[in-house]
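So the chains spell out like this:
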Amino acid sequence: MTQLDERQLDPAVALASLDDVAPREPARQYALKHGDCFVVADSYGDIHGGGDGLFLDDTRILSLYRLTIGDQPPSLLGASLSQDNVLFRTNLTNLPLPTGEGGRTRQGVIHIERTRLIWNDRMYERIALSNYGESEVVLPLKLHFEADFRDMFEVRGSQRSRRGLAFEAQPDGDSVTMRYHGLDDVVREATISFSQIPTHLKGNHAEFVLRLPRRVRETLFVEVGRGPTSPNRMRFRAAAARARFVMRSKRRHGATIHSSGRVFNDWIARARADIALLTTDLATGPYPYAGIPWFSTAFGRDGVISALQMLWIDPRLTRGVLAFLAQHQAEETSPFSDSEPGKIMHETRKGEMTILKELPFGRYYGGVDTTPLYVYLACAYADRTGDMDFIDQLWPSIQAAAGWMDRAIDRDPNGFITYQRAADTGLTNQGWKDSYDAVFHEDGRVPRGPIALVEVQGYAYAAYSRLASLACRRGDVLRAEAWKARAEKMRQAVENRFWMEDRKFYALAIDGDNEPCRVRTSNVGHLLSCGLPSPERAQHVAEQLLSAPFHTGWGIRTLAEDEIFFNPMSYHNGSIWPHDTAICAAGLARYGNRDHVVRLLSNTFEAAVHFDMRLPELFCGFPRAVGEAPIAYPVACLPQAWSSGAVFMLLQACLGVQVDGWRGEVQVEQSYLPIGIDSLTVRHLRVGQSVYDLTFQRFGDRVIADLQTHDHSPAPVIMRS
């Protein structure tokens, strides 16, 4: 077996090994999801393998699904997703078709509309065909299909020495069943069912010969899932209605945002719909899965950051994330899973390879930052909501997480939280930039572990600081003092060891030889968001993050362009990640650079416009040129939860809004509106038992905030200068 570290193998390389054609652009792929089932297909609605497919529980149950007319692919007219992300629809037409009498059916007389949705682990499709020609057409339609039942990690490029038994596909009248008996002794299956009996049905294709009189519409329904069904119009409509109802309910949670800019509103609506699409209702509450296709599962770090982005408008999401992570907190030490008591989960998977422990990611704890981020999120939730009942339930888990932080710091000579994988199957790098080449010295040397990342120490500082305040509210003065002291000690250690006076910047990391990695990265923007640096040093950092080596005009690069491994097309060494830019913006706002946050918000919005209002996981870090669009990273996840949530973090930083759940106050400090937006309203903002509408209005060079309760009586807005 070839080892595959999670996110270490460049996804482009992984896909190239599976497909001898170049990866398609993200904009040409469309994703639908419900629960642990999702589908990724191209603009035609076709699945070709590579990274495409219908997936269930981290297994690809449909690897090929392609429609042809007369053994030719149809011609594409256009494709789109519904605004609520429930329906994918593509419009196609025919190429010239030979007829039985030696003639030809002209191109463009048959309209083919494919409409698709995912509901309850099943894919539903309606294929509607309309004849706009002058006479009846005999239409030969064929659906090609295969199921390789590959684990998600195989799809991403991991090689296995052996696999389970794939059975020959079994046609049966109006359906075909494909099965695979895995090495884990689990039988996985997918059945393709049709609403009418095919003219010819084989194990890998179904042929239909359809007679279409002039101006008549013929409809074929197809379903793919476990076991045969009887697809029909009523089943399709019922599934669509249920899916739309659930999605509408998800989007109604929390406050909504409406501005004077129509296109800006479209971006907000798409981001909110993408968060809803990725949010899975688990037994512990809603949880935003990281992204489609590679990370459609619960990730600790991604879930925490997505929840932080949405916390000010939708605390319910944070509560669900905290409850799930508390339930899956480590209780034992395991080198294979990188777990230690109190540590918070990095990710969980359900596929064959993780069940067999070929890889450790079934429940994996190799994220050095997730535990302090979890503690910070719990404290932020308490401050936002004042929900002490939930915090009391969570308190044993919070204490256990803080205990892990304490032990990690105490065993490091410098007093930092470090990482070093405990087994060769684990992640080499365990921060948010976890690709194999993301941490290095300025001369290109690979640092020896254990490694202390700069932003992780910032997360720990922020966690201890907030935890001290929370313990004080609970009447635990001794713990409060201890955590306050921990925070101050961490602050001083970072200032003493990470600051590079000659570069006026913080080092990326301290390695196991006690040597700083003197590399300028966006990680330091996360340090600003935690409030650790002194104001003077924060200003030096801010100036550099906003300068040309970092700031491209589309966002902030992960690595400055004058560093040795800079590559604007890389995964972590020079690309732009929208969530990273948003966190940097939050840091800039914290130190009073809110006017620059407006610029970053504008850049990110303009990038979103070029990406059809849907920000990908990342895109290339080339400098912005007049009249040119940002360059896509070919195999980025789309949608990605923390990319979708970036707009809400950017807006909060721009507007200067904080909600104090203890006092029941909305605090507004030094508000700015996005460029081109003259008014913006945050509707149905819940603070305790009250619901408010918070409106921002531009008057000349000033922005005025007004808060109204839902009974229309004025309510105070706490303004800070």
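Procedures and definitions
Residues numbered from 1 in each chain as written. Predicted model: local features only at pLDDT ≥ 70, side-chain atom pairs only at ≥ 80, totals over all residues. Heavy atoms only, no water. Helix = DSSP H or I, 4+ residues; strand = E, 2+ residues; numbered from the N terminus. Rg over C-alpha atoms; globule rule 2.2 N^0.38 Å. Buried < 20%, exposed > 50% of the residue type's maximum accessible area, 1.4 Å probe, protein only. Contact = heavy atoms within 4.5 Å. Areas by Shrake-Rupley, 256 points an atom, 1.4 Å probe, with all protein chains shown as cover. Lys, Arg positive; Asp, Glu negative; His and termini not counted. Charge placed at Lys NZ, Arg CZ, Asp CG, Glu CD. Salt bridge = Lys/Arg side-chain N within 4 Å of Asp/Glu carboxyl O. Expected span 1.5 Å × (residues − 1). Phe/Tyr/Trp six-rings, centres within 6.5 Å; stacked < 30°, edge-to-face > 60°. Lys NZ or Arg CZ within 6 Å of the ring centre and 35° of its normal. Core = buried A, V, L, I, M, F, W, Y, C linked by side-chain atoms within 4.5 Å. Patch = residues over 30% accessible without salt bridge, like charges linked within 9 Å, V, L, I, M, F, W, Y side chains within 5 Å. Pairing = 2+ DSSP bridges. Axes fitted to C-alpha atoms, helices over the stretch in contact; angles between N-to-C directions. Parallel < 35°, antiparallel > 145°, perpendicular 65-115°, else oblique. Nonpolar A, V, L, I, M, F, W, Y, C, P; charged D, E, K, R; others polar.

A. Fine view of the overall build of the chain. Each helix and strand in the chain was counted, giving 17 helices and 36 strands. In terms of overall size, the chain behaves like a compact globule, its C-alpha atoms giving a radius of gyration of 27 Å where 721 residues would be expected to give roughly 27 Å. Viewed in the frame of its principal axes, the chain has a C-alpha envelope of about 85 × 60 × 50 Å. Within the chain, buried positions represent 61% of all 721 residues. Contacts in the chain between residues at least 24 apart in sequence constitute 66% of all its contacts with a sequence separation of at least 6. Counting only carbon and sulfur atoms, one obtains 48% of the accessible surface of the chain, whose full area is about 27,300 Å². Counting 80 positive and 87 negative side-chain charges, the chain places the centres of these two groups 5 Å from one another.

B. Layout of the side chain of Ser175. Tracing the backbone shows Ser175 in strand 15 (residues 175–181). In contact with Ser175, not counting residues within four places along its chain, are Gln170, Thr191, Ile192, Ser193, Phe194, Leu201 and Pro228.

C. Seen up close, the pattern of salt bridges. What the rule picks out here adds up to 50 salt bridges. In this structure, Arg698 and Asp678 form a salt bridge, with 3.3 Å as the shortest nitrogen-oxygen distance. Of this pair, Arg698 sits in strand 33 (residues 690–699) while Asp678 sits in the loop between strand 31 (665–669) and strand 32 (679–687), and the two are 20 residues apart along the sequence. Connected through shared salt-bridge partners, Arg60, Asp148, Arg150, Glu154, Arg160, Arg163, Glu352 and Glu358 make up one network.

D. Looking closely at helix 14 (residues 578–590). Over its 13 residues, helix 14 runs 18 Å from end to end, which matches the ideal 18 Å to within 8%, given 1.5 Å per residue. Of all the 13 residues making up helix 14, 11 are buried; the element is thus mostly covered by neighbouring parts of the structure. Residues Pro578, His579, Asp580, Thr581, Ala582, Ile583, Cys584, Ala585, Gly587, Leu588 and Ala589 constitute the buried set of helix 14. Of the surrounding elements, those touching the buried residues of helix 14 are helix 5 (300–310), helix 12 (523–530), helix 13 (535–545), helix 15 (594–610), helix 16 (641–644) and helix 17 (646–655). Just beyond helix 14, the residue with positive phi is Gly592, at close to 90°.

E. Examining the packing of aromatic side chains more closely. With the rule as written, the count across this model stands at 25 aromatic pairs. When the ring of Trp432 is compared with that of Trp642, the centres are 6.2 Å apart and the planes differ by 90°; the resulting orientation is edge-to-face. Of this pair, Trp432 sits in the loop between helix 9 (388–410) and strand 25 (452–453) while Trp642 is found in helix 16, placing the two residues 210 residues apart along the sequence. You can call Trp432 buried: its relative accessible area is 0%. In this structure, Lys33 is placed above the aromatic ring of Tyr289, and the distance from its NZ or CZ to the ring centre is 4.8 Å. Across the ring face of Trp395, the terminal group of Arg474 is positioned such that the distance to the ring centre comes to 4.2 Å.

F. Region of the structure containing unusual backbone geometry. At the junction of Ile292 and Pro293, the peptide bond is cis and its omega measures out at 10° in the coordinates. One can find Pro293 in the loop between strand 22 (285–288) and helix 5. The amide bond that connects Leu638 to the next residue, Pro639, takes the cis arrangement and shows omega of 5°. Along the chain, the position of Pro639 falls in the loop between helix 15 and helix 16. Backbone geometry places Asp185, a non-glycine residue, at a positive phi of 70°. Here Asp185 shows up in the loop between strand 15 and strand 16 (187–194). For Asp612, which is not glycine, the phi torsion reads 60° and is therefore positive.

G. Layout of the nonpolar core. In terms of nonpolar packing, the biggest core is built from 168 residues, with Leu680 and Phe696 touching the most fellow members. If we skip the residues at most four places from it in the chain, Leu680 touches Ile257, His258, Ser259, Phe264, Leu651, Leu655, Leu673, Leu694, Thr695 and Phe696. Ala41, Leu56, Met123 and Leu201 belong to the second-largest nonpolar core, a separate cluster that totals 45 residues.

H. Spotlight on helix 5. Taken across its 11 residues, helix 5 has 11 buried, putting it largely inside the fold. All of the buried residues along helix 5 are Gly300, Arg301, Asp302, Gly303, Val304, Ile305, Ser306, Ala307, Leu308, Gln309 and Met310.

I. A look at a nonpolar patch on the surface. A cluster of nonpolar residues, Met569, Phe622 and Ile631, forms a patch on the protein surface that exposes about 260 Å² of accessible area. Within the element layout of this structure, Met569 appears in the loop between helix 13 and helix 14. We classify Met569 as partly exposed; its relative accessible area is 48%.

J. A look at the sheet that holds strand 2 (residues 37–42). Ordered in space as 1-2-3-4, the 4 strands form an open sheet in which the pairing is antiparallel. Two strands lie at the open edges of the sheet, namely strand 1 (29–34) and strand 4 (59–62), each paired on one side alone. Between one strand axis and the next, the sheet turns by 25° as a mean value, whatever way the strands run. Bridge count for strand 2 against strand 3 (residues 53–56) is 4 bridges, and the pairing is antiparallel. Opposite Val39, over in strand 3, you have Leu54 as the bridge partner.

K. Structural context of the sheet that holds strand 17 (residues 200–201). As summarised here, the arrangement of the 4 strands in space is 5-12-18-17, forming an open sheet in which the pairing is antiparallel. Two strands close off the open sheet at either side, each with one partner strand: strand 5 (64–69) and strand 17. Where strand 12 (residues 137–146) and strand 18 (residues 205–212) come together, 8 bridges link them in antiparallel fashion. Across the sheet, the residue bridging to Leu141 is Phe208, located in strand 18.

L. Region of interest: the packing of helix 4 (residues 262–278) against helix 17. It is the contact of helix 4 with helix 17, at a shortest axis distance of 9 Å, that shows an interaxial angle of 125°. Between helix 4 and helix 17, the crossing angle belongs to the class labelled oblique. Here helix 4 contributes Phe264, Trp267, Ile268, Ala271 and Arg272 to the contact with helix 17, which in turn contributes Val647, Phe648 and Leu651. Across the contact of helix 4 with helix 17, the residue classes break down as 7 nonpolar, no polar and 1 charged.

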